[in-house]
Amino acid sequence: MKKLFCSALLLLSFLFSQATDVVFDGSSLSAYNNQEVTFTQTLHVCGHYNNYIYLSYERLRQPEEMAIAGTAQFDSLSAQCQNAILTAYCPNLSTDTIRLGAVVTNLTATVTGSRNIRINSSALALGNNQRPTLPPSIGNGRLKICAANLEYYCPAWSGTLGAESDAEFATQHIKTMKALANIDADIYAVTEIQQGSIALDSIVNGLNARTVPGRYAYVADYNYETSTYTKVGFVYRTDKVRPVFSLGHPYGPGATVYQCVYYLREYVQAFEEISSNERFVLCMNHFKSKSGGDDSNGYYNADRVENATLLADFLEAEIANDFYDDLDILIVGDLNCGTMEEPIRYLENRGYENQLTRFAPNEYSYVFDNEVEYLDHVLASPSMAAQITTAQPYHINADESYRIYYPYGDTTMYRYSDHDPIIIGLRLSSEQDTDCEDIEMSESFATTFGCFSTFDLQGDNYWYTNDSYECAYINGYYSGNNDDWLISPSFDMSNKEDAVIEFTHTLGYGSASTWAQHCKLLMSSDYQGDVQAATWSEVTIPNMPNSNWTWCTNTIPIPSQFAQEQSLTIAFHYQVHTGDIPAWEIKDFAITSHCVEVPDTVGIVEHETEVSFNAYGANGRLVFSSEEPTNVMIADMLGRVIAFKQNITDFEMELPRGLYVVRTDRGVRKVVVGGN
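Just so it is clear, the model here is predicted, and its values are computed rather than measured.

## Points about the overall build of the protein
Reasoning step 1: In terms of regular secondary structure, the protein is built from nine helices and 36 strands.
Reasoning step 2: Residue burial in the protein is summarised as follows: out of 676 residues, 54% are buried.
Reasoning step 3: Per element, the accessible surface of the protein, about 29400 Å² overall, is 47% carbon and sulfur.

Here you go:
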């Protein structure tokens, strides 16, 4: 009898000690207070801190990813997120190395509050937390773009935003270079890097050391003054792309977001794929952050809307000026707002298509307050969107523990930043009419530089737009030594004639007899973003003022040496030293040129036609001869006209290696230049 009684007690004890099965859906667990329960579901690790982990029934998204603030849907999502977290105290468990996004199934714990539990186990069976080792595939893309927030500041002074010592920076450098080399991009559009050239030099040197010497270079933005401020930049593979010209910064001194050197956080640069000669414009951005904001100022939403507005206006003005004869525009960067917040919706309303909602709508690039979101975005003009093969985040940062951040000595590529990089694949193709188009572009300089760029190589003074006189203005008087450039976009002069530029200018101060020495008009056919690397030819300005503030208008034919060049760039160069220093004002610039009428279109021929002329390639040149004068048109194999010559019998023309079509009045021939 005694044995039966003891057995019954043991059975009752066993039954009452069994954990209760529950499913957490955001509701209070108070009914199970001090009881052991088993969550018969999959719970997601959303965050952790010291001996706590934060769990939810799903991976939570920030409400501004899915709804517009102020709507009933947004309020509902906000309330749902507030109740969706279980705070788990784990006294026997090391939580610092757990990767966010990990899951645990059938977790047993003790309920200690309405949404609080205690996990007594010293180990958890976690799944779904494998680190990626390879970046997302770009499919059949030919170019890989990586948009990345690096938090990369070289410790050259105290109070830097980044590493606090040389040792810390050395660790950060190793992590960052491992990550970038692993991504293996053709263009890195980077933000949160140190102002000046130190950070860009360090990144390029690090990549070249890990890959091939000379493989990577950075776009020179002529910002060499080192400070603790942050900026954006471009690093590119020299064998895959070339920077063709810089469109510059969308902001001017009149913008409220212009504070300090804020304009360095937005940069617009055109690139050309070497293999196809196709171009696109890449806009890297770092919009105003929410840090320091609150409900009273909308967490600086108005500033970010201004960022978006000025960028869209700037690009629209460039398009109106036919700034590079293409509509392929890609906007990337840390825009510091969610997918459904006003700045993103504004850019979408201006015609830019969201590529992350297209290719990766359920992903994210950042984790804040246990909730995932996109702070980093990819938006494209319609023509650009058609050439994008993918846009995906690479989850090597946002989910990683801060314990493997560089201050703790970890040297893996993971958690080099708190933002995930975004990988974009491009397969550029031409959808444009290959027929020649007349050039008719004007820029008044009344309020902005429009499609012109400015570069300050020396001195404290710089080109700016003078609203009072509606002109571009430079005066080096106060700093003495200045070297400043006002540079046009590039123009394709192929198959053009009657090319003319016009502008009106005036000068003051100094000696009129020396003004022409300091204020020059230059032209180049090889400018690619670095004024010091390009070859410039001076073109005489026929009408120079001979007294202070006398306006003179110039009409100048484009010199014959630039006829048929595929890339003509025009620059107003101001260079002064101490002493005789003028001020220069320029307005109402215009360039016009008309297409040469050609007899018919160019196509690719299947068979050589019987002809009475000779055309062949020799020493990098196309050589042509004919018994009688004839009209000759030369085109590449994409049908683009390279040159058109009238009533000639012979000529030679230097051309890049390739296959060309030579069409005359009497037939067609294909010619290989630079090959066997």
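## A closer look at helix α3 (residues 166-183)
Reasoning step 1: Along its 18 residues, α3 runs 25 Å from first to last C-alpha, staying within 8% of the 26 Å computed at 1.5 Å per residue.
Reasoning step 2: When we look at burial in α3, the residues that qualify are E168, F169, T171, Q172, K175, T176, M177, A179, L180 and I183.
Reasoning step 3: Lining the buried residues of α3 we find β7 (143-152), β8 (187-194), α4 (198-210) and β20 (422-426).
Reasoning step 4: Phi turns positive, to about 60 degrees, at D184, one or two residues after α3.

## Some details on the packing of aromatic side chains
Reasoning step 1: Tallied over the full model, the rule gives 24 aromatic pairs.
Reasoning step 2: Ring centres of F234 and F271 lie 5.7 Å apart, and the angle between their planes is 70 degrees; on these two criteria the pair is classed as edge-to-face. Separated by 37 residues along the polypeptide, F234 in strand β10 (residues 230-237) and F271 in strand β12 (residues 266-273) bring together distant segments of the chain. Accessibility assignment for this pair places F234 and F271 in one class, buried.
Reasoning step 3: Put simply, the rings of F445, F449, F452, W463, F503, F572, W584 and F589 pair up and form one aromatic cluster.
Reasoning step 4: When the ring centre of Y300 is taken as origin, the NZ or CZ atom of K288, which lies over that ring, is 3.8 Å away.
Reasoning step 5: Residue placement shows K645 over the ring face of F651; its charged tip is 5.3 Å from the ring centre.

## Re the nonpolar core
Reasoning step 1: In this structure, F280, L282, L330, I424 and L426 are the most contacted members of the largest nonpolar core, which totals 66 residues.
Reasoning step 2: In contact with L426, other than residues within four places in its own chain, are G141, R142, L143, I145, F280, L330, M384, Q387, I388 and T389.
Reasoning step 3: Counting 35 residues, the second largest nonpolar core, distinct from the first, contains I439, F491, C519 and V576.

## Topic: the pattern of salt bridges
Reasoning step 1: Overall, the coordinates contain 19 salt bridges when judged by the stated rule.
Reasoning step 2: Residues E64 and K290 are paired through a salt bridge, measuring 3.7 Å at the closest nitrogen-oxygen approach. Here the residue E64 occupies a position in the loop between β3 (52-56) and α2 (72-83), and K290 occupies one in the loop between β13 (279-286) and α5 (301-320), the gap between them amounting to 226 residues.
Reasoning step 3: A relative accessible area of 24% means that K290 is categorised as partly exposed.
Reasoning step 4: Its salt-bridge partner being D239, residue R237 comes within 2.7 Å of it at the nearest N-O pair.
Reasoning step 5: Among the charged side chains, a network of salt bridges with common partners joins E64, K290 and E341.

## Side note on the sheet that holds strand β22 (residues 453-458)
Reasoning step 1: One open sheet holds the five strands; their spatial order is β22-β25-β30-β27-β28, and the pairing between them is antiparallel. At either margin of the open sheet sits one strand with a lone partner, and together these are β22 and β28 (537-539). Direction aside, neighbouring strands of the sheet carry axes that sit 30 degrees apart on average.
Reasoning step 2: One ladder, built from five bridges, connects β22 with strand β25 (residues 482-487); its direction is antiparallel. If you follow T454 over to β25, its bridge partner there is L486.

## Describing the confidence of the model for the protein
Reasoning step 1: In the predicted model, the protein carries a mean pLDDT of 87, and 90% of its residues have values of at least 70.
Reasoning step 2: Confidence scores differ between elements of the protein, with helix α1 (residues 2-17) showing the lowest mean pLDDT of 46 and strand β18 (residues 376-380) the highest of 98.
Reasoning step 3: Overall, residues 2-16 carries pLDDT values under 50, and its contacts beyond four positions in sequence, including any with other chains, amount to zero contacts.

## Looking at the side chain of S593
Reasoning step 1: Along the chain, S593 turns up in strand β31 (residues 583-595).
Reasoning step 2: Residue S593 is classed as buried on the basis of its relative accessible area, which comes to 0%.
Reasoning step 3: A polar atom in the side chain of S593 sits 3.0 Å from the backbone oxygen of E497.
Reasoning step 4: Those residues in contact with S593 that sit more than four places away from it in its chain are D438, I439, M493, K496, E497, D498 and A499.

## Focus on unusual backbone geometry
Reasoning step 1: Of note, N128 is a non-glycine position whose phi angle comes to about 60 degrees, a positive value.
Reasoning step 2: Locating N128 in the fold gives a position in the loop between β6 (116-118) and β7.
Reasoning step 3: The backbone phi angle of E151 is positive, close to 50 degrees, even though this residue is not glycine.
Reasoning step 4: Tracing the chain through its elements places E151 in strand β7.
Reasoning step 5: Given a relative accessible area of 14%, E151 falls into the buried group.

## Things to note about the pairing of β10
Reasoning step 1: Within β10, eight of the eight residues are buried, leaving the element largely enclosed by the surrounding structure.
Reasoning step 2: Going residue by residue along β10, you find T230, V232, F234 and Y236 tucked away on one face and K231, G233, V235 and R237 tucked away on the opposite face as well.
Reasoning step 3: As paired strands, β8 and β10 are joined by six bridges and run antiparallel to one another. Bridge pairing in β10 links Q194 to T230.

## Some thoughts on the sheet that holds strand β9 (residues 216-218)
Reasoning step 1: Across the sheet, which stays open at both edges, the six strands sit in the order β9-β10-β8-β7-β20-β19 with mixed pairing between neighbours. Strands with a single pairing partner mark the edges of an open sheet, and in this sheet they are β9 and β19 (388-393). The sheet shows a mean angle of 20 degrees between the axes of neighbouring strands, taken without regard to direction.
Reasoning step 2: Against the sheet, α3 makes contact with β7, β8 and β20, and its axis sits at roughly 165 degrees relative to β7, the strand it touches most.
Reasoning step 3: The sheet strands contacting α4 are β7, β8, β9 and β10, and the helix crosses β9 at an angle near 170 degrees.

## Overview of the pairing of strand β30 (residues 569-576)
Reasoning step 1: When you tally the buried positions in β30, you get seven out of eight residues, the bulk of the element.
Reasoning step 2: Of the pairings in the sheet, the one linking β25 to β30 comprises six bridges and is antiparallel in character. Its bridge partner being in β30, D483 is matched across the sheet by Q575.

## Considering the side chain of S383
Reasoning step 1: Of note, S383 is situated in helix α8 (residues 382-385).
Reasoning step 2: A distance of 2.6 Å separates the side chain of S383 from the side chain of D328, its partner in a polar contact.
Reasoning step 3: If we ignore the near neighbours within four places in the chain, the residues touching S383 are L327 and D328.

Rules used in this analysis
Residues numbered from 1 in each chain as written. Predicted model: local features only at pLDDT ≥ 70, side-chain atom pairs only at ≥ 80, totals over all residues. Heavy atoms only, no water. Helix = DSSP H or I, 4+ residues; strand = E, 2+ residues; numbered from the N terminus. Buried < 20%, exposed > 50% of the residue type's maximum accessible area, 1.4 Å probe, protein only. Areas by Shrake-Rupley, 256 points an atom, 1.4 Å probe, with all protein chains shown as cover. Expected span 1.5 Å × (residues − 1). Contact = heavy atoms within 4.5 Å. Phe/Tyr/Trp six-rings, centres within 6.5 Å; stacked < 30°, edge-to-face > 60°. Lys NZ or Arg CZ within 6 Å of the ring centre and 35° of its normal. Core = buried A, V, L, I, M, F, W, Y, C linked by side-chain atoms within 4.5 Å. Salt bridge = Lys/Arg side-chain N within 4 Å of Asp/Glu carboxyl O. Pairing = 2+ DSSP bridges. Axes fitted to C-alpha atoms, helices over the stretch in contact; angles between N-to-C directions. pLDDT = per-residue confidence, 0-100. Polar contact = N/O pair within 3.5 Å; in protein donor to acceptor, adjacent residues only side chain to side chain.

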